[in-house]
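# Architecture and fold: a report
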Amino acid sequence: MKNMTLRKMAQACGGVLREAGTDADAPVTALVTDSRKAGEGCVFAAIRGARADGHKFIPDVFAKGALGAICEEEPESPAGSYILVGSTGQALKDIAEVYLRSLDIPVVGITGSVGKTSTKEAVASVLSQKYIVGKNEGNFNNELGLPLTVFSLPDDAQIAVLEMGISDFGEMHRLAKIARPDVCVMTNIGTCHLEFLGDRDGVLRAKSEIFDFLGPDGRVILNGDDDKLAGIREVKGIKPVFYGLRGDQGAALQVKAEDIRDLGLEGTKCRICWEGGSAEVHIPKPGEHMVSNALAAAAAGLSMGLSPEQIRAGVESLGSVSGRFNMIRTERYTLIDDCYNANPMSMKASLESLGGVQGRRTAVLGDMGELGKDEVFYHEETGRVAGRCGLSLLVTIGTLAASIGEKAKEEDPALCHVHFDTVDEFLAQREDLFKDGDTVLIKASHFMHFERIVEEMR
């Protein structure tokens, strides 16, 4: 962090500053919520979690040299200054909003139902060819993670690329208030979090809260292949830039891909085109959805003044992210670790990405969460897709995933399908299921903990 003090933090969040032994005007080096990461000059924010209350660790962080604490109750015999607030979580959001604006750097905000993280990585990779980029790490994209991301931006960052994820109405409004993006990128409107958002129109309304704090000079970048997004003609008087492969609802694509060549697991080659220019690129990760992500990154790069060569270099240097179609080659298998999360849209995209795979294609699929009253229907629809992908083996795990296998077998009666109720049951028998040389897609919602499968099989 830079140019931030405990006193400035108190002013930003409206808290009561109690000075006791440490200098409230000394520079703060970091703001942390994990006492294990506390050190000299940091400020510790005490969060009450499901398993631990951060207030218990305030003495420990002061012993490690912390400059101060943010807390909801008076510490006993505090060894340093602290800010007393009504809600530590709200205080973090308030401070993050003030701190990010003090950095005075452009912000690219990214949201959507599927592909947020992959698109964020692609955008950051492209923009890093010209700028020093700060971005979310891991899944720090919610009302706690976004403030922590802001606090951890490099001191010399010239641009911030911020992924924002939600599950209910109002959340995006609060995230957008922190980020106040200059460029808004929306990947798609899918069937996720329907338990809270109702239907895709509800998803669109909730995601569109990202525009609430967009200024008159802002830019909007939308996936023109998505029927809900393609119907948006203007946002606060701003005409969107559409990217995509086909276009829907009559959306004219300003950034598109031509001469697409599928290289299987080695990715895709294509030419990214826009008015007045183009770039031949090799997208190093497979799947049509990765082409879409690269187009979003190119559109963001163009909006920030990058050259065709910089866009090409950024797309081609895109790396892998654990849990998101990350390929792991072992002595026996090629594992596709896509187990961070899942919804019907992302499951379909991952299954279709197996199309260019040589040899046996296999998949281990699990339950998808937060799909509301139609959850069985969405699992059955996923099964129909799986049954059309030429799989040699389909393993399903979990109560809802059983219907994936049933519908897959209806589509492809020759498909070998094996079902397990739990991950433990699968792991006990997995050696008998796969053959040397198999490509294995591993995907489910995060609560299924399929990362255990990845670790065992690798």
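Remember, predicted model here, so these are calculated numbers, not experimental data. (Residues numbered from 1 in each chain as written. Predicted model: local features only at pLDDT ≥ 70, side-chain atom pairs only at ≥ 80, totals over all residues. Heavy atoms only, no water.)

### What about the nonpolar core?
Met-9 and Leu-351 are the most contacted members of the largest nonpolar core, which has 83 residues in total. Looking at this core element by element, the count peaks at seven residues for helix α3 (residues 88-103). Residues within four places of Leu-351 in sequence aside, it is in contact with Ala-363, Leu-365, Thr-382, Val-385, Ala-386, Cys-389, Leu-391 and Leu-441. Formed by 37 residues, the second largest nonpolar core is a distinct cluster that contains Trp-274, Val-291, Leu-295 and Leu-306. (Core = buried A, V, L, I, M, F, W, Y, C linked by side-chain atoms within 4.5 Å. Buried < 20%, exposed > 50% of the residue type's maximum accessible area, 1.4 Å probe, protein only. Helix = DSSP H or I, 4+ residues; strand = E, 2+ residues; numbered from the N terminus. Contact = heavy atoms within 4.5 Å.)

### Remarks on helix α4 (residues 116-127)
With twelve residues, α4 extends 16 Å between its outermost C-alpha atoms, agreeing within 8% with the 16 Å of an ideal straight helix rising 1.5 Å per residue. When you tally the buried positions in α4, you get twelve out of twelve residues, the bulk of the element. (Expected span 1.5 Å × (residues − 1).)

### A look at the sheet that holds strand β4 (residues 68-71)
Read across the open sheet, the five strands follow the order β1-β5-β4-β3-β2; overall the sheet is mixed. In this open sheet, the two edge strands, each paired with only one partner strand, are β1 (16-18) and β2 (30-32). Here the strands of the sheet are splayed against their neighbours by 20° on average, with no regard to which way each runs. For strand β3 (residues 42-45) and β4, the ladder comprises three bridges, and the chain directions are parallel. (Pairing = 2+ DSSP bridges. Axes fitted to C-alpha atoms, helices over the stretch in contact; angles between N-to-C directions.)

### Re unusual backbone geometry
Of note in this structure, Asn-3 is not a glycine but carries a positive phi near 55°. The exposed category is assigned to Asn-3, whose relative accessible area is 61%. Even without being glycine, Arg-180 reaches a positive phi, approximately 45°. By secondary structure assignment, the location of Arg-180 is in the loop between α6 (171-179) and β9 (183-186).

### So, the packing of aromatic side chains
In the structure shown here, the tally under the stated rule is five aromatic pairs. Relative to Phe-151, the ring of Tyr-99 lies with its centre 6.4 Å away and its plane at 45°, an arrangement referred to as tilted. Placement of Tyr-99 in helix α3 and of Phe-151 in helix α5 (residues 145-151) is noted, with a sequence separation of 52 residues between them. Each member of the pair, Tyr-99 as well as Phe-151, carries the same accessibility label: buried. Plain terms: the ring middles of Phe-377 and Tyr-378 are 5.3 Å apart, the flat faces sit at 70° to each other, and that makes the pair edge-to-face. Take Phe-377: its relative accessible area is 43%, and that puts it in the partly exposed class. Look at Tyr-378 and you get buried, because its relative accessible area is 16%. Among the aromatic residues, those joined into a cluster by ring pairs are Tyr-333, Phe-420, Phe-426 and Phe-434. (Phe/Tyr/Trp six-rings, centres within 6.5 Å; stacked < 30°, edge-to-face > 60°.)

### Examining the packing of helix α1 (residues 6-13) against α3
Direction vectors running N to C along α1 and α3 enclose 110°, while the axes themselves pass 8 Å from each other. With respect to their mutual orientation, α1 and α3 come out roughly perpendicular. Facing Met-9, Ala-12 and Cys-13 of α1, the residues of α3 in contact are Ala-91, Asp-94, Ile-95 and Val-98. In the contact of α1 with α3, the residues fall into six nonpolar, no polar and one charged. (Parallel < 35°, antiparallel > 145°, perpendicular 65-115°, else oblique. Nonpolar A, V, L, I, M, F, W, Y, C, P; charged D, E, K, R; others polar.)

### Notes on the packing of helix α13 (residues 375-387) against helix α14 (residues 402-411)
In the contact formed by α13 and α14, the axes pass within 7 Å of each other and the chain directions differ by 40°. On the basis of the axis angle, α13 is oblique to α14. Classified by chirality, the crossing of α14 by α13 is right-handed. Contact with α13, carried on its side by Val-376, His-379, Glu-380, Thr-382, Gly-383, Arg-384, Ala-386 and Gly-387, involves Ser-403, Ile-404, Lys-407, Ala-408 and Glu-411 of α14 and no other residues of that element. Taken together, the residues that form the contact of α13 with α14 break down as four nonpolar, five polar and four charged. (Left-handed = near helix turned anticlockwise from the far one by under 90°.)

### Re the sheet that holds strand β19 (residues 416-420)
On the basis of which strands lie adjacent, the open sheet formed by six strands has the order β15-β16-β20-β17-β18-β19 and mixed pairing. Two strands bound the open sheet, and with one partner strand each, they are β15 (326-329) and β19. Geometrically, the sheet is characterised by an average inter-axis angle of 15° between neighbouring strands, direction not taken into account. Pairing between strand β16 (residues 334-337) and strand β20 (residues 439-443): four bridges, direction parallel. Bridge pairing links Asp-337 to Ile-442 in β20. Taken strand by strand, helix α12 (residues 344-352) contacts β17 (361-366) and β20, and its axis lies near 175° from that of β20. Sitting on the sheet, α14 is in contact with β17, β18 (393-397) and β19, with an inclination near 155° to β18.

### A few points about the environment of Thr-111
Within the fold, Thr-111 resides in strand β6 (residues 107-111). Taking relative accessible area as the criterion, Thr-111 reaches 0% and is therefore assigned buried. Placed 96 residues apart in sequence, Thr-111 and Lys-207 show a C-alpha to C-alpha distance of 7.0 Å. With residues near it in sequence (within four places) discarded, Thr-111 still touches Lys-116, Met-164, Met-172, Val-185, Met-186, Thr-187, Lys-207 and Ile-210.

### Some points on α3
Along its 16 residues, α3 runs 22 Å from first to last C-alpha, staying within 8% of the 22 Å computed at 1.5 Å per residue. Looking at the residues trailing α3, positive phi occurs at Asp-104, about 55°.

### Re the state of the cysteines
In a disulfide, the sulfur atoms of two cysteines are held together by a covalent bond. For the structure shown, the criterion picks out zero disulfides. Free cysteine Cys-71: the closest other cysteine sulfur is in Cys-13, separated by 11 Å. (Disulfide = S-S within 2.5 Å.)

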